[in-house]
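# Residue-level structure breakdown
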Amino acid sequence: MVRVSTLSPQDQVYFRDLVRRTRITYESLRILLIREEDRAEGLGLLTRRSRADLKAAALMTDRELWLNRDKRIIGPIPGINIGDIYFFRMELCVIGLHGQRAEELKVNPLSVRPSGYLSLDMSMGKENFPVSLFNDIDEDRDPLLFEYVARPVYPPGLREKVFGDWGCGCECVTNCTVDCRCAKMNGGDLPYDKNGILARGKPVVYECGSTCKCPLSCPNRVSQRGLKNRLEVFRSQETGWGVRSLDLIRAGSFICEFSGIVLTKQQADVLTANGECLVCPNRFPGRWVEWGDITDVFPDYRPPNLPSLPEPSFSIDVSRARNVACYMSHSCSPNVFVQFVLYDHYNVAYPHLMIFALENIPPLRELSLDYGMVDEWVGKLTM
Ligand SMILES: [Zn+2]
Ligand SMILES: [Zn+2]
Ligand SMILES: [Zn+2]
(Lines give C-alpha, C1' and ligand atoms only; values in the text may rest on other atoms or scores of the structure.)
(Ligands and ions follow the chains in the order given, each with its own letter.)
Protein backbone atom coordinates (compact mmCIF):
# COMPACT_ATOMS: atom_id res chain seq x y z
CA MET A 1 0.00 0.00 0.00
CA VAL A 2 1.15 3.51 -0.71
CA ARG A 3 0.03 6.91 0.43
CA VAL A 4 0.40 9.79 -2.02
CA SER A 5 0.43 12.90 0.11
CA THR A 6 2.94 15.35 -1.30
CA LEU A 7 2.22 16.14 -4.92
CA SER A 8 3.55 19.30 -6.51
CA PRO A 9 0.98 21.53 -8.30
CA GLN A 10 2.39 20.30 -11.64
CA ASP A 11 1.92 16.67 -10.57
CA GLN A 12 -1.63 17.44 -9.48
CA VAL A 13 -2.41 18.92 -12.91
CA TYR A 14 -0.75 15.92 -14.57
CA PHE A 15 -2.76 13.33 -12.63
CA ARG A 16 -6.01 15.27 -12.99
CA ASP A 17 -5.50 15.33 -16.75
CA LEU A 18 -4.66 11.62 -16.84
CA VAL A 19 -7.87 10.78 -14.98
CA ARG A 20 -9.84 13.16 -17.19
CA ARG A 21 -8.49 11.56 -20.37
CA THR A 22 -9.16 8.06 -19.10
CA ARG A 23 -12.74 8.97 -18.23
CA ILE A 24 -13.33 10.57 -21.64
CA THR A 25 -12.02 7.40 -23.33
CA TYR A 26 -14.23 5.19 -21.15
CA GLU A 27 -17.42 7.20 -21.80
CA SER A 28 -16.67 7.57 -25.53
CA LEU A 29 -16.14 3.84 -25.84
CA ARG A 30 -19.24 2.92 -23.83
CA ILE A 31 -21.42 5.22 -25.95
CA LEU A 32 -19.91 3.86 -29.18
CA LEU A 33 -20.60 0.26 -28.11
CA ILE A 34 -24.23 1.11 -27.33
CA ARG A 35 -24.62 2.80 -30.70
CA GLU A 36 -23.21 -0.24 -32.50
CA GLU A 37 -25.79 -2.43 -30.78
CA ASP A 38 -28.57 0.07 -31.55
CA ARG A 39 -27.55 -0.12 -35.19
CA ALA A 40 -27.41 -3.94 -35.18
CA GLU A 41 -30.83 -4.00 -33.52
CA GLY A 42 -32.21 -1.68 -36.20
CA LEU A 43 -31.00 -4.15 -38.84
CA GLY A 44 -32.45 -7.12 -36.92
CA LEU A 45 -28.98 -8.58 -36.32
CA LEU A 46 -28.86 -8.33 -32.53
CA THR A 47 -29.62 -11.44 -30.52
CA ARG A 48 -28.88 -10.14 -27.03
CA ARG A 49 -27.85 -6.81 -25.53
CA SER A 50 -24.48 -6.81 -23.80
CA ARG A 51 -23.30 -4.59 -20.95
CA ALA A 52 -21.44 -1.74 -22.61
CA ASP A 53 -20.09 -0.55 -19.25
CA LEU A 54 -18.37 -3.92 -18.66
CA LYS A 55 -17.23 -4.30 -22.25
CA ALA A 56 -15.64 -0.83 -22.31
CA ALA A 57 -13.74 -1.60 -19.11
CA ALA A 58 -12.60 -4.97 -20.48
CA LEU A 59 -11.30 -3.39 -23.69
CA MET A 60 -9.39 -0.85 -21.62
CA THR A 61 -7.83 -3.44 -19.34
CA ASP A 62 -6.68 -5.44 -22.37
CA ARG A 63 -4.74 -2.36 -23.46
CA GLU A 64 -3.43 -1.67 -19.96
CA LEU A 65 -5.32 1.61 -19.75
CA TRP A 66 -6.57 1.13 -16.18
CA LEU A 67 -5.00 3.55 -13.72
CA ASN A 68 -3.34 2.54 -10.43
CA ARG A 69 -3.64 -1.17 -11.20
CA ASP A 70 -0.39 -2.17 -9.61
CA LYS A 71 -0.74 -0.37 -6.31
CA ARG A 72 -3.32 0.04 -3.62
CA ILE A 73 -3.42 3.68 -2.57
CA ILE A 74 -4.70 4.74 0.81
CA GLY A 75 -5.88 8.29 1.37
CA PRO A 76 -6.47 10.72 -1.51
CA ILE A 77 -5.92 9.31 -4.99
CA PRO A 78 -4.02 11.58 -7.40
CA GLY A 79 -6.30 13.22 -9.95
CA ILE A 80 -9.57 12.35 -8.20
CA ASN A 81 -11.57 15.22 -6.69
CA ILE A 82 -14.33 15.15 -4.12
CA GLY A 83 -17.68 15.50 -5.89
CA ASP A 84 -16.60 13.63 -9.07
CA ILE A 85 -19.52 11.54 -10.24
CA TYR A 86 -19.38 7.96 -11.49
CA PHE A 87 -22.28 6.01 -12.90
CA PHE A 88 -20.67 2.62 -13.31
CA ARG A 89 -18.74 0.49 -10.91
CA MET A 90 -16.44 -0.44 -13.77
CA GLU A 91 -15.56 3.21 -14.28
CA LEU A 92 -14.32 3.29 -10.68
CA CYS A 93 -12.17 0.27 -11.47
CA VAL A 94 -10.76 1.85 -14.62
CA ILE A 95 -9.52 4.91 -12.75
CA GLY A 96 -8.32 2.90 -9.78
CA LEU A 97 -10.99 3.74 -7.20
CA HIS A 98 -12.17 0.18 -6.68
CA GLY A 99 -10.64 -0.05 -3.22
CA GLN A 100 -12.36 3.09 -1.95
CA ARG A 101 -15.32 2.84 0.39
CA ALA A 102 -18.53 4.09 -1.21
CA GLU A 103 -19.34 6.45 1.69
CA GLU A 104 -16.10 8.34 1.15
CA LEU A 105 -17.18 9.16 -2.40
CA LYS A 106 -20.67 10.34 -1.63
CA VAL A 107 -20.77 14.10 -1.30
CA ASN A 108 -23.87 16.11 -2.14
CA PRO A 109 -22.65 19.65 -2.79
CA LEU A 110 -26.24 20.94 -2.97
CA SER A 111 -26.64 20.28 0.74
CA VAL A 112 -24.42 23.26 1.52
CA ARG A 113 -26.04 26.15 -0.40
CA PRO A 114 -25.21 29.56 1.02
CA SER A 115 -27.17 32.79 0.34
CA GLY A 116 -26.07 35.63 -1.99
CA TYR A 117 -28.39 35.72 -5.01
CA LEU A 118 -28.39 38.90 -7.14
CA SER A 119 -30.95 37.45 -9.53
CA LEU A 120 -32.92 34.23 -9.65
CA ASP A 121 -33.09 34.47 -13.44
CA MET A 122 -30.73 36.85 -15.22
CA SER A 123 -32.16 35.61 -18.55
CA MET A 124 -35.55 37.09 -17.56
CA GLY A 125 -37.37 34.07 -18.94
CA LYS A 126 -35.46 33.98 -22.24
CA GLU A 127 -33.94 30.54 -21.53
CA ASN A 128 -35.89 27.31 -20.89
CA PHE A 129 -34.51 27.24 -17.36
CA PRO A 130 -33.67 30.14 -15.03
CA VAL A 131 -30.03 31.27 -14.95
CA SER A 132 -29.28 32.46 -11.42
CA LEU A 133 -26.65 35.05 -10.54
CA PHE A 134 -24.77 34.50 -7.32
CA ASN A 135 -22.15 36.53 -5.48
CA ASP A 136 -21.44 36.21 -1.78
CA ILE A 137 -17.86 37.48 -1.82
CA ASP A 138 -17.89 41.10 -3.08
CA GLU A 139 -20.05 43.93 -4.44
CA ASP A 140 -19.58 43.16 -8.16
CA ARG A 141 -22.94 43.08 -10.04
CA ASP A 142 -21.54 43.45 -13.56
CA PRO A 143 -23.52 40.68 -15.31
CA LEU A 144 -26.73 42.64 -14.60
CA LEU A 145 -25.49 45.48 -16.83
CA PHE A 146 -25.73 43.48 -20.07
CA GLU A 147 -28.76 42.73 -22.15
CA TYR A 148 -29.41 38.99 -22.08
CA VAL A 149 -29.76 37.30 -25.47
CA ALA A 150 -30.39 33.56 -25.51
CA ARG A 151 -29.64 33.23 -29.25
CA PRO A 152 -27.16 35.00 -31.51
CA VAL A 153 -28.52 38.20 -33.01
CA TYR A 154 -27.85 38.87 -36.71
CA PRO A 155 -28.02 42.56 -37.55
CA PRO A 156 -30.08 43.51 -40.64
CA GLY A 157 -28.04 43.01 -43.78
CA LEU A 158 -26.01 40.19 -42.30
CA ARG A 159 -29.14 38.16 -41.63
CA GLU A 160 -29.99 37.96 -45.34
CA LYS A 161 -26.42 37.01 -46.18
CA VAL A 162 -26.20 34.23 -43.58
CA PHE A 163 -29.70 32.88 -44.10
CA GLY A 164 -29.40 32.97 -47.88
CA ASP A 165 -28.36 29.31 -47.82
CA TRP A 166 -31.33 27.33 -46.55
CA GLY A 167 -30.10 24.00 -47.86
CA CYS A 168 -32.74 21.37 -48.41
CA GLY A 169 -34.06 19.54 -45.40
CA CYS A 170 -35.25 15.97 -45.09
CA GLU A 171 -38.71 14.68 -45.92
CA CYS A 172 -39.18 12.58 -42.78
CA VAL A 173 -42.66 12.95 -41.32
CA THR A 174 -41.80 11.17 -38.08
CA ASN A 175 -38.53 11.25 -36.13
CA CYS A 176 -35.47 10.96 -38.33
CA THR A 177 -33.48 7.75 -38.64
CA VAL A 178 -30.09 6.80 -40.08
CA ASP A 179 -31.37 6.66 -43.65
CA CYS A 180 -32.57 10.26 -43.77
CA ARG A 181 -30.95 13.02 -45.77
CA CYS A 182 -29.81 14.84 -42.62
CA ALA A 183 -28.10 11.70 -41.29
CA LYS A 184 -26.21 11.50 -44.60
CA MET A 185 -25.03 15.10 -44.18
CA ASN A 186 -23.53 13.95 -40.86
CA GLY A 187 -21.52 11.16 -42.49
CA GLY A 188 -24.29 8.52 -42.59
CA ASP A 189 -25.43 8.53 -38.99
CA LEU A 190 -27.45 10.72 -36.65
CA PRO A 191 -25.04 12.72 -34.48
CA TYR A 192 -26.99 12.11 -31.24
CA ASP A 193 -28.35 9.04 -29.48
CA LYS A 194 -31.96 8.82 -28.32
CA ASN A 195 -31.08 10.58 -25.06
CA GLY A 196 -29.61 13.56 -26.91
CA ILE A 197 -26.00 12.59 -26.19
CA LEU A 198 -23.53 13.60 -28.90
CA ALA A 199 -21.74 10.45 -30.05
CA ARG A 200 -18.54 12.17 -31.10
CA GLY A 201 -17.23 15.64 -31.83
CA LYS A 202 -17.21 16.68 -35.50
CA PRO A 203 -16.06 19.62 -37.61
CA VAL A 204 -19.76 20.51 -37.83
CA VAL A 205 -23.03 18.86 -36.80
CA TYR A 206 -26.03 19.24 -39.11
CA GLU A 207 -29.19 19.23 -37.05
CA CYS A 208 -32.57 19.08 -38.71
CA GLY A 209 -33.78 22.56 -39.46
CA SER A 210 -36.57 24.77 -40.65
CA THR A 211 -36.72 23.08 -44.06
CA CYS A 212 -37.01 19.57 -42.57
CA LYS A 213 -40.47 18.06 -42.20
CA CYS A 214 -39.73 16.14 -38.98
CA PRO A 215 -41.23 17.28 -35.63
CA LEU A 216 -39.38 19.29 -32.97
CA SER A 217 -39.05 16.06 -30.98
CA CYS A 218 -36.74 14.60 -33.67
CA PRO A 219 -33.53 13.18 -32.09
CA ASN A 220 -31.56 15.27 -34.55
CA ARG A 221 -32.75 18.51 -32.94
CA VAL A 222 -30.84 18.81 -29.68
CA SER A 223 -28.87 22.01 -29.26
CA GLN A 224 -31.55 24.10 -31.02
CA ARG A 225 -33.97 23.26 -28.20
CA GLY A 226 -31.88 25.28 -25.71
CA LEU A 227 -30.88 24.76 -22.07
CA LYS A 228 -31.63 21.50 -20.31
CA ASN A 229 -30.11 22.38 -16.96
CA ARG A 230 -30.31 25.10 -14.36
CA LEU A 231 -27.13 27.10 -14.80
CA GLU A 232 -25.69 29.65 -12.43
CA VAL A 233 -23.25 32.51 -12.97
CA PHE A 234 -21.25 32.88 -9.77
CA ARG A 235 -18.39 34.91 -8.36
CA SER A 236 -15.26 33.22 -7.04
CA GLN A 237 -11.90 34.41 -5.68
CA GLU A 238 -9.94 32.30 -8.15
CA THR A 239 -11.66 32.93 -11.46
CA GLY A 240 -13.85 36.02 -11.05
CA TRP A 241 -17.18 35.24 -12.68
CA GLY A 242 -17.74 31.61 -13.58
CA VAL A 243 -20.54 29.23 -14.57
CA ARG A 244 -21.75 26.08 -12.87
CA SER A 245 -24.79 23.85 -13.15
CA LEU A 246 -27.16 23.07 -10.30
CA ASP A 247 -27.86 19.74 -11.99
CA LEU A 248 -25.68 16.86 -12.99
CA ILE A 249 -24.59 17.12 -16.64
CA ARG A 250 -23.89 13.86 -18.48
CA ALA A 251 -20.83 13.65 -20.73
CA GLY A 252 -21.77 14.45 -24.33
CA SER A 253 -24.81 16.56 -23.34
CA PHE A 254 -25.58 19.95 -24.78
CA ILE A 255 -25.13 22.76 -22.24
CA CYS A 256 -25.66 26.16 -23.89
CA GLU A 257 -24.91 28.29 -26.92
CA PHE A 258 -22.45 31.19 -27.15
CA SER A 259 -24.67 34.22 -27.86
CA GLY A 260 -24.20 37.88 -28.61
CA ILE A 261 -24.32 40.06 -31.71
CA VAL A 262 -22.89 38.40 -34.81
CA LEU A 263 -20.43 40.49 -36.82
CA THR A 264 -18.67 39.98 -40.13
CA LYS A 265 -14.91 39.81 -40.09
CA GLN A 266 -14.65 43.37 -41.42
CA GLN A 267 -16.97 44.76 -38.72
CA ALA A 268 -15.06 42.81 -36.09
CA ASP A 269 -11.73 44.26 -37.23
CA VAL A 270 -13.05 47.78 -36.63
CA LEU A 271 -14.32 46.89 -33.16
CA THR A 272 -11.12 45.08 -32.17
CA ALA A 273 -9.30 48.32 -32.87
CA ASN A 274 -11.65 49.99 -30.37
CA GLY A 275 -10.92 47.32 -27.78
CA GLU A 276 -14.45 45.87 -27.68
CA CYS A 277 -15.17 42.40 -26.30
CA LEU A 278 -15.31 39.90 -29.13
CA VAL A 279 -15.52 36.14 -29.23
CA CYS A 280 -13.81 34.73 -32.28
CA PRO A 281 -14.75 31.11 -33.16
CA ASN A 282 -11.30 30.42 -34.64
CA ARG A 283 -9.80 31.02 -31.26
CA PHE A 284 -11.22 27.88 -29.66
CA PRO A 285 -8.79 24.98 -30.17
CA GLY A 286 -10.49 21.97 -31.79
CA ARG A 287 -11.28 20.22 -28.52
CA TRP A 288 -14.17 18.43 -30.23
CA VAL A 289 -11.67 15.82 -31.44
CA GLU A 290 -11.30 14.59 -27.84
CA TRP A 291 -14.96 13.71 -27.50
CA GLY A 292 -15.47 10.24 -28.95
CA ASP A 293 -11.75 9.63 -29.38
CA ILE A 294 -11.08 5.95 -28.72
CA THR A 295 -7.67 5.68 -30.36
CA ASP A 296 -6.08 4.80 -26.99
CA VAL A 297 -8.07 1.57 -27.17
CA PHE A 298 -8.17 1.09 -30.95
CA PRO A 299 -5.06 2.77 -32.37
CA ASP A 300 -6.21 1.98 -35.93
CA TYR A 301 -9.68 3.42 -35.41
CA ARG A 302 -10.49 5.98 -38.04
CA PRO A 303 -13.55 8.14 -37.55
CA PRO A 304 -15.83 8.43 -40.61
CA ASN A 305 -14.46 10.67 -43.30
CA LEU A 306 -15.86 14.12 -42.83
CA PRO A 307 -15.18 17.02 -45.11
CA SER A 308 -13.14 19.75 -43.48
CA LEU A 309 -14.72 23.18 -43.46
CA PRO A 310 -13.55 26.65 -44.24
CA GLU A 311 -12.71 28.64 -41.12
CA PRO A 312 -15.68 30.57 -39.73
CA SER A 313 -15.48 34.18 -40.81
CA PHE A 314 -17.42 35.94 -38.07
CA SER A 315 -17.07 37.13 -34.49
CA ILE A 316 -19.58 37.60 -31.70
CA ASP A 317 -19.72 40.99 -30.05
CA VAL A 318 -20.52 40.50 -26.36
CA SER A 319 -19.86 44.06 -25.24
CA ARG A 320 -23.57 44.95 -24.92
CA ALA A 321 -25.61 41.77 -25.19
CA ARG A 322 -24.52 38.30 -24.14
CA ASN A 323 -25.62 35.14 -22.38
CA VAL A 324 -24.45 32.72 -19.71
CA ALA A 325 -21.74 31.18 -21.94
CA CYS A 326 -19.66 34.38 -21.81
CA TYR A 327 -18.88 33.80 -18.15
CA MET A 328 -17.21 30.43 -18.56
CA SER A 329 -13.66 30.25 -17.28
CA HIS A 330 -10.68 29.19 -19.32
CA SER A 331 -8.85 25.97 -18.58
CA CYS A 332 -6.23 23.92 -20.40
CA SER A 333 -8.00 20.83 -18.99
CA PRO A 334 -11.54 21.88 -19.84
CA ASN A 335 -14.70 19.94 -18.99
CA VAL A 336 -16.73 21.44 -21.85
CA PHE A 337 -15.99 22.10 -25.53
CA VAL A 338 -17.32 24.09 -28.48
CA GLN A 339 -19.05 22.14 -31.25
CA PHE A 340 -20.07 23.94 -34.46
CA VAL A 341 -23.71 23.25 -35.33
CA LEU A 342 -25.92 24.27 -38.27
CA TYR A 343 -29.71 24.07 -38.23
CA ASP A 344 -31.56 27.29 -39.07
CA HIS A 345 -29.34 27.98 -42.08
CA TYR A 346 -26.57 25.98 -43.77
CA ASN A 347 -23.96 28.68 -44.21
CA VAL A 348 -20.81 26.90 -42.97
CA ALA A 349 -19.02 30.20 -42.47
CA TYR A 350 -21.49 31.10 -39.68
CA PRO A 351 -22.00 28.00 -37.52
CA HIS A 352 -23.62 28.17 -34.08
CA LEU A 353 -21.09 27.81 -31.25
CA MET A 354 -22.69 25.11 -29.13
CA ILE A 355 -21.13 23.99 -25.86
CA PHE A 356 -21.17 20.32 -24.87
CA ALA A 357 -19.86 18.41 -21.83
CA LEU A 358 -16.61 16.46 -22.19
CA GLU A 359 -17.14 14.69 -18.86
CA ASN A 360 -19.88 13.86 -16.38
CA ILE A 361 -20.00 17.15 -14.50
CA PRO A 362 -21.36 17.08 -10.95
CA PRO A 363 -23.65 19.85 -9.65
CA LEU A 364 -21.79 23.05 -8.66
CA ARG A 365 -18.54 22.05 -10.40
CA GLU A 366 -17.29 25.05 -12.40
CA LEU A 367 -17.60 24.68 -16.19
CA SER A 368 -14.39 25.44 -18.03
CA LEU A 369 -13.63 25.92 -21.67
CA ASP A 370 -10.36 26.05 -23.58
CA TYR A 371 -10.11 29.57 -25.02
CA GLY A 372 -6.74 28.81 -26.56
CA MET A 373 -4.75 30.57 -23.85
CA VAL A 374 -1.54 29.26 -22.40
CA ASP A 375 -1.93 29.65 -18.67
CA GLU A 376 -4.41 28.01 -16.38
CA TRP A 377 -6.99 30.38 -14.92
CA VAL A 378 -5.92 33.54 -16.67
CA GLY A 379 -9.49 34.73 -16.63
CA LYS A 380 -12.25 34.90 -19.17
CA LEU A 381 -12.05 36.19 -22.65
CA THR A 382 -14.76 38.70 -22.04
CA MET A 383 -14.15 40.00 -18.55
ZN1 LIG B 1 -34.98 13.28 -41.52
ZN1 LIG C 1 -35.22 15.38 -38.11
ZN1 LIG D 1 -33.78 16.71 -41.26
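Structure: see above.
Residues numbered from 1 in each chain as written. Chains lettered and ligands numbered in written order. Predicted model: local features only at pLDDT ≥ 70, side-chain atom pairs only at ≥ 80, totals over all residues.

### Side note on the overall build of the protein chain
In terms of helices and strands, the protein chain carries 7 helices and 17 strands. Here the protein chain holds 383 residues, and 39% of them are scored as buried. A fraction of 77% describes how many contacts in the protein chain between residues 6 or more apart in sequence connect residues 24 or more apart. (Helix = DSSP H or I, 4+ residues; strand = E, 2+ residues; numbered from the N terminus. Buried ≥ 20, exposed ≤ 12 C-beta atoms within 10 Å, placed from the backbone. Contact = placed C-beta atoms within 7 Å.)

### A short note on unusual backbone geometry
Outside of glycine, negative phi angles account for most residues, and trans bonds account for most peptide bonds. At Met124, a position not held by glycine, the phi torsion is positive, near 50 degrees. With respect to the helices and strands, Met124 occurs in the loop between strand S3 (117-119) and strand S4 (131-134). The backbone of Leu364 shows a phi angle near 70 degrees, a positive value even though the residue is not glycine. You can see Leu364 is positioned in the loop between strand S16 (352-357) and strand S17 (368-369).

### Let's talk about the sheet that holds strand S11 (residues 278-279)
Ordered in space as S10-S12-S11, the 3 strands form an open sheet in which the pairing is antiparallel. On the outer flanks of this sheet lie strand S10 (261-264) and S11, each paired with one strand and no other. In the packing of helix H7 (residues 265-273) onto the sheet, contacts are made with S10, S11 and strand S12 (314-317), and the angle to S10 comes to roughly 100 degrees. (Pairing = 2+ DSSP bridges. Axes fitted to C-alpha atoms, helices over the stretch in contact; angles between N-to-C directions.)

### Structural notes on the nonpolar core
One finds Cys176, Cys182, Val233, Ile255, Val336, Ile355 and Phe356 to be the most contacted residues of the largest nonpolar core, which totals 77 residues. Per element, the largest residue contribution to this core is 6 residues, and it comes from strand S15 (residues 336-342). Shared between two domains, this core holds at least three residues of each, these being domain 1 (2-107) and domain 2 (117-369). With near-sequence residues (within four places) excluded, Ile255 lies in contact with Asn229, Ile249, Val336, Ile355, Phe356, Ala357 and Leu367. Grouped together as the second largest cluster of nonpolar side chains are 14 residues, Tyr26, Leu29, Ile95 and Ile294 included. (Core = buried A, V, L, I, M, F, W, Y, C linked by C-beta atoms within 7 Å. Domains from an automatic or database assignment.)

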